[in-house]
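Understanding the architecture of this molecule
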Amino acid sequence: MKATNFQLVQMLRWSACLWAVCQLATVAAEPTAVQVVTAALDGSRQAVAGRLVVEARDGSLLVETATQQLEILAGNEIISRTTCPPAEPLSPRELGRLTLAELPAGFSLLTTRHYVICYDTSLGYARWSAALLEQLHQGFHAYFSRLGLPLKPAERPLIVVIFSDRRAYEAAAAQEVGAASHSIVGYYNQLTNRITTFDITGLDSLQDGRTTSAGRAGLALLSSPKAAGLVATLVHEATHQLAFNAGLHQRLAPVPVWVSEGIATYFETPELTTTRGWRTIGGINRPRLDLIRQQFTPGLLDRIVASDEPFRNPDQALVAYAHAWATVSYLAKLRRREFGDYLAKLGEKPPLAADSAERRQHDFQAAFGCSPNDLEQPLLRYLATLPPRD
């Protein structure tokens, strides 16, 4: 299930690679200034307003709009541009209303302290999801603060779109991820900065009266055989979204996939005996642990540090995810200081920065004092200490 989610990540990385051909300059000197750009897009003149993120030497721009979307404008498309004072940020409800306007009819809006949730499920399902997301938000910041990485406080709400059924979800997701919409049950898109998912249990739409109670909706959902997948998907994708908005990573920066996916799998493990289905960061991820015990691959750690290619290969992707989870689990528990320093270094990488296998290997060696291959035996010894299934 999670292996195919990487197709979206790759789509974003391919965009980054195309952008890099333009020979990027530095991140904009005035990140709060608003650029109003008139460009020839899809055969017509269109105005795009937003914060300038990156400017290339050929005049191409990466701009973030008020709705948090990243727009890539090629230099040869730009007709004119004007710099304006920064505008007041959108309120959560304003942001929500603009998001609803892009969605099919029938969606409603729920705002919480840190999230804007657009949903066509029951209100109870949306409230249960919101409670889980807020719990994760609190835990995410507390965890990385203890790791020595105090993250940025929330500057704006995060957008989550929840469909009630798979068919509608796939139709909408296909516009972003193409054919991959049939094989993934949720994703975070770095370009839109949104999570999109659906009720994979199918139970919410069957409840009489479309419940408004988060507790009642949660009890029904967590009783489903698909509950573990539902919780893991939502927590996994929300972890990505938090990482790219709290300063752990920068959107479209060259963050190694083993790191971003390793962190998400480290957080995703469900606890279905709790009211929200999740509680503990860093619990043993049984499917990942079982797989790496069965298919530990010598040399794969070195390859995923140097390149994201194993995650693209359908024959290797699931095993690569398992290695990513195991490596992050080992580093987070037994090499905390070095892991925190390594993440801080990655967090400094700007959007669409240059990347290479040599640079990635150097960053790893500098942080941990050894090569990925040298880490294999300590990793195997760590995995051997983890208890088997009950």
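The structure under discussion appears in the preceding block.
Residues numbered from 1 in each chain as written. Predicted model: local features only at pLDDT ≥ 70, side-chain atom pairs only at ≥ 80, totals over all residues. Heavy atoms only, no water.

This part covers the overall build of the protein chain. Looking only at helices and strands, the protein chain features 14 helices and eleven strands. C-alpha extents for the protein chain along the principal axes are approximately 65 × 60 × 35 Å. (Helix = DSSP H or I, 4+ residues; strand = E, 2+ residues; numbered from the N terminus.)

Where helix α11 (residues 317–334) contacts helix α14 (residues 376–385), the axes come no closer than 10 Å and their chain directions differ by 85 degrees. Taken as axis vectors, α11 and α14 run roughly perpendicular relative to one another. The residues of α14 that touch α11, namely those facing W325, A326, T327, S329, Y330, K333 and L334, are P378, L379, Y382 and L383. The residue makeup of the contact of α11 with α14, split by class, is eight nonpolar, two polar and one charged. (Axes fitted to C-alpha atoms, helices over the stretch in contact; angles between N-to-C directions. Parallel < 35°, antiparallel > 145°, perpendicular 65-115°, else oblique. Contact = heavy atoms within 4.5 Å. Nonpolar A, V, L, I, M, F, W, Y, C, P; charged D, E, K, R; others polar.)

Counting 95 residues, the largest nonpolar core has F144, W258 and F267 as the members making the most contacts within it. Ranked by the residues each element gives to this core, the list is headed by α11, at eleven residues. Among residues more than four places away in sequence, those in contact with F144 are L149, P150, L151, L248, I263, F267 and L343. Among the nonpolar cores identified, the runner-up in size contains nine residues, and A39, L41, L61 and I78 belong to it. (Core = buried A, V, L, I, M, F, W, Y, C linked by side-chain atoms within 4.5 Å. Buried < 20%, exposed > 50% of the residue type's maximum accessible area, 1.4 Å probe, protein only.)

Regular strands place side chains that alternate from one sheet face to the opposite one. Pairing geometry for strand β7 (residues 108–111) and strand β8 (residues 115–119), over four bridges, is antiparallel. What sits directly across from T111, in β8, is V116. What sits between the antiparallel neighbours β7 and β8 is a turn of three residues. (Pairing = 2+ DSSP bridges.)

What follows concerns the pattern of salt bridges. Scanning the entire structure with this criterion turns up 14 salt bridges. D355 is the salt-bridge partner of R360, the closest N and O atoms lying 3.5 Å from each other. R360 gets classed as buried once you look at its relative accessible area, which sits at 6%. Under the relative-accessibility criterion, D355 is labelled partly exposed at 35%. What you see here is one network of salt bridges that share partners, running through R51, E64, R156 and R251. (Salt bridge = Lys/Arg side-chain N within 4 Å of Asp/Glu carboxyl O.)

Here five strands make up an open sheet; going across it, the order is β7-β8-β9-β11-β10 and the pairing mixed. Edge positions in the sheet fall to β7 and β10 (186–189), since each of these pairs with one other strand and no more. For this sheet the average axis-to-axis angle between neighbouring strands, irrespective of direction, equals 15 degrees. Strand direction decides the pairing type here: strand β9 (residues 158–163) and strand β11 (residues 194–198), joined by five bridges, are parallel. By the bridge assignment, V161 is partnered in β11 with T196. Sitting on the sheet, helix α3 (residues 123–146) touches β7, β8, β9 and β11, and the angle it makes with β8 is about 155 degrees.

Taken as a whole and judged by the stated rule, the model has 20 aromatic pairs. Centroid distance Y143 to Y266: 6.0 Å. Interplanar angle 55 degrees. Geometry classified as tilted. Here Y143, found in helix α3, pairs with Y266, found in helix α7 (residues 257–267); they are 123 residues apart in sequence, far enough to count as distant. Among the residues examined, Y266 registers a relative accessible area of 3% and is labelled buried. (Phe/Tyr/Trp six-rings, centres within 6.5 Å; stacked < 30°, edge-to-face > 60°.)

Bringing empty space enclosed by the protein into the picture now. Following the criterion strictly, the structure yields two cavities of 30 Å³ or more and no others. There is about 40 Å³ of room inside the second largest cavity. If you go around the second largest cavity, the residues you meet are Y125, S129, I162, T197, L230, T233 and L234. Elements with a minimum of two residues in the lining of the second largest cavity: α3 and α6 (227–243). In terms of residue count, α6 provides more of the lining of the second largest cavity than any other element does, three residues in total. (1 Å grid on protein atoms, 1.4 Å probe; cavity = no way out; pocket = protein on both sides within 12 Å on 5 of 7 lines; lining within 4 Å. Points joined across faces, edges and corners; volume = space filled by probe spheres on them.)

Looking now at the environment of G299. By the secondary structure assignment, G299 is in the loop between α8 (286–295) and α9 (300–306). When the C-alpha positions of G299 and H240 are compared, they lie 26 Å apart, and in sequence the two are 59 residues distant. Those residues within four positions of G299 in sequence are excluded, and the remaining contacts are N373 and E376.

The next subject is the pairing of β9. The element β9 is extensively covered by neighbouring structure, given that six of its six residues are classed as buried. What you see with β9 is no split at all: L158, V160 and I162 on one side and I159, V161 and F163 on the other are buried throughout. In terms of strand pairing, β8 meets β9 through five bridges, oriented parallel. Each bridged residue has a counterpart across the sheet, and for C118 the counterpart in β9 is V161.

Let us now look at α3. Between the first and last C-alpha of α3 there are 35 Å, a value that for 24 residues agrees with the 34 Å anticipated at 1.5 Å per step. Counting buried residues in α3 gives 17 out of 24 residues, a clear majority hidden from the surface. Directly beyond the C-terminal end of α3, a positive phi value near 90 degrees is found at G148. (Expected span 1.5 Å × (residues − 1).)

Secondary-structure assignment places A384 in helix α14. You can call A384 exposed: its relative accessible area is 62%.

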